[in-house]
Amino acid sequence: MSIFKWLTTFLIVIIASLGGFLYYSFKIEPYQVKVVEYVSIKDKEAEDEIKVVQFSDVHIKEDFIHKNLEEAVNKITCKN
(Lines give C-alpha, C1' and ligand atoms only; values in the text may rest on other atoms or scores of the structure.)
Protein backbone atom coordinates (compact mmCIF):
# COMPACT_ATOMS: atom_id res chain seq x y z
CA MET A 1 0.00 0.00 0.00
CA SER A 2 1.45 3.33 -0.97
CA ILE A 3 1.88 6.09 1.54
CA PHE A 4 -0.73 8.22 -0.26
CA LYS A 5 -3.41 5.50 0.02
CA TRP A 6 -2.53 4.89 3.65
CA LEU A 7 -2.72 8.61 4.46
CA THR A 8 -6.02 9.00 2.61
CA THR A 9 -7.51 6.04 4.45
CA PHE A 10 -6.22 7.35 7.76
CA LEU A 11 -7.72 10.81 7.17
CA ILE A 12 -11.07 9.34 6.13
CA VAL A 13 -11.19 7.26 9.31
CA ILE A 14 -10.27 10.26 11.47
CA ILE A 15 -12.87 12.51 9.82
CA ALA A 16 -15.58 9.83 10.06
CA SER A 17 -14.75 9.21 13.73
CA LEU A 18 -14.82 12.92 14.49
CA GLY A 19 -18.14 13.30 12.67
CA GLY A 20 -19.64 10.38 14.59
CA PHE A 21 -18.36 11.77 17.87
CA LEU A 22 -19.83 15.22 17.18
CA TYR A 23 -23.17 13.77 16.08
CA TYR A 24 -23.39 11.65 19.23
CA SER A 25 -22.33 14.59 21.43
CA PHE A 26 -24.92 17.03 20.13
CA LYS A 27 -27.84 14.91 18.89
CA ILE A 28 -27.98 11.74 21.02
CA GLU A 29 -26.32 12.12 24.41
CA PRO A 30 -28.06 15.35 25.53
CA TYR A 31 -31.46 13.65 25.27
CA GLN A 32 -30.60 10.53 27.23
CA VAL A 33 -31.88 10.17 30.75
CA LYS A 34 -29.93 7.75 32.85
CA VAL A 35 -31.98 6.35 35.71
CA VAL A 36 -30.04 4.88 38.59
CA GLU A 37 -31.90 3.24 41.43
CA TYR A 38 -31.57 5.05 44.70
CA VAL A 39 -31.30 3.85 48.26
CA SER A 40 -34.36 4.59 50.32
CA ILE A 41 -33.68 6.21 53.67
CA LYS A 42 -36.22 5.38 56.33
CA ASP A 43 -36.39 6.59 59.88
CA LYS A 44 -37.14 3.58 62.06
CA GLU A 45 -39.48 5.58 64.29
CA ALA A 46 -41.32 7.43 61.52
CA GLU A 47 -43.66 5.96 58.95
CA ASP A 48 -42.63 8.44 56.27
CA GLU A 49 -40.04 7.51 53.73
CA ILE A 50 -37.55 10.02 52.35
CA LYS A 51 -36.51 9.71 48.72
CA VAL A 52 -33.50 11.56 47.39
CA VAL A 53 -33.19 12.35 43.68
CA GLN A 54 -30.20 13.88 41.93
CA PHE A 55 -31.02 15.50 38.62
CA SER A 56 -27.88 17.03 37.17
CA ASP A 57 -25.95 17.87 34.04
CA VAL A 58 -28.88 19.66 32.46
CA HIS A 59 -27.91 22.22 29.86
CA ILE A 60 -30.86 24.28 28.73
CA LYS A 61 -30.04 25.57 25.29
CA GLU A 62 -31.63 26.29 21.95
CA ASP A 63 -32.30 22.69 20.92
CA PHE A 64 -33.09 21.36 24.42
CA ILE A 65 -36.52 22.87 24.77
CA HIS A 66 -38.99 22.94 27.66
CA LYS A 67 -40.68 19.78 26.38
CA ASN A 68 -37.43 17.80 26.69
CA LEU A 69 -36.98 18.98 30.26
CA GLU A 70 -40.57 18.08 31.06
CA GLU A 71 -40.06 14.55 29.68
CA ALA A 72 -36.96 14.10 31.84
CA VAL A 73 -38.83 15.27 34.96
CA ASN A 74 -41.73 12.94 34.14
CA LYS A 75 -39.33 9.99 33.92
CA ILE A 76 -38.01 10.88 37.37
CA THR A 77 -41.44 11.28 38.94
CA CYS A 78 -42.69 8.01 37.42
CA LYS A 79 -40.08 6.15 39.48
CA ASN A 80 -41.95 7.10 42.67
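If you're wondering where the values come from, they're calculated on a predicted model, not measured in any experiment. (Residues numbered from 1 in each chain as written. Predicted model: local features only at pLDDT ≥ 70, side-chain atom pairs only at ≥ 80, totals over all residues. Heavy atoms only, no water.)

*Asks:* Describe the overall build of the protein chain, listing the residues and the values that go with them.
*Replies:* Scanning the protein chain for helices and strands turns up two helices and two strands. Listed by position from the N terminus, the elements making up the protein chain come as α-β-β-α. When burial is assessed residue by residue, the protein chain has 4% of its 80 residues classed as buried. By element, 62% of the accessible surface of the protein chain is carried by carbon and sulfur atoms, the whole surface being about 7600 Å². (Helix = DSSP H or I, 4+ residues; strand = E, 2+ residues; numbered from the N terminus. Buried < 20%, exposed > 50% of the residue type's maximum accessible area, 1.4 Å probe, protein only. Areas by Shrake-Rupley, 256 points an atom, 1.4 Å probe, with all protein chains shown as cover.)

*Asks:* Could you give me a rundown of the environment of Asp 57, with the residues and numbers involved?
*Replies:* Mapping Asp 57 onto the fold places it in the loop between strand E2 (49-50) and helix H2 (66-78). Judged by its relative accessible area of 60%, Asp 57 falls in the exposed class. Residues Asp 57 and Pro 30, spaced 27 residues apart in sequence, show a C-alpha to C-alpha distance of 9.1 Å.

*Asks:* Just give me the short version of the environment of His 59, but keep the residues and values in it.
*Replies:* Among the structural elements, His 59 can be located in the loop between E2 and H2. Judged by its relative accessible area of 54%, His 59 falls in the exposed class. Residues His 59 and Pro 30, 29 residues apart in the sequence, show an inter-C-alpha distance of 8.1 Å.

*Asks:* Break down the packing of aromatic side chains for me, with residues and values.
*Replies:* If you walk through the whole model with that rule in mind, you get one aromatic pair. Their ring planes at 5° and their centres at 5.5 Å tell us that Trp 6 and Phe 10 sit as a pair that is stacked. Pair noted here: Trp 6 and Phe 10 are both in helix H1 (residues 3-28), with a separation of four residues, about one helical turn. Residue classification places Phe 10 among the partly exposed residues on the basis of a relative accessible area of 42%. (Phe/Tyr/Trp six-rings, centres within 6.5 Å; stacked < 30°, edge-to-face > 60°.)

*Asks:* Describe in detail a nonpolar patch on the surface, supporting the description with residues and values.
*Replies:* The grouping of Ile 3, Phe 4, Trp 6, Leu 7, Phe 10, Leu 11, Ile 14 and Ile 15 at the surface amounts to a nonpolar patch, some 880 Å² of accessible area in total. By the element assignment, Leu 7 lies in helix H1. (Patch = residues over 30% accessible without salt bridge, like charges linked within 9 Å, V, L, I, M, F, W, Y side chains within 5 Å. Salt bridge = Lys/Arg side-chain N within 4 Å of Asp/Glu carboxyl O.)

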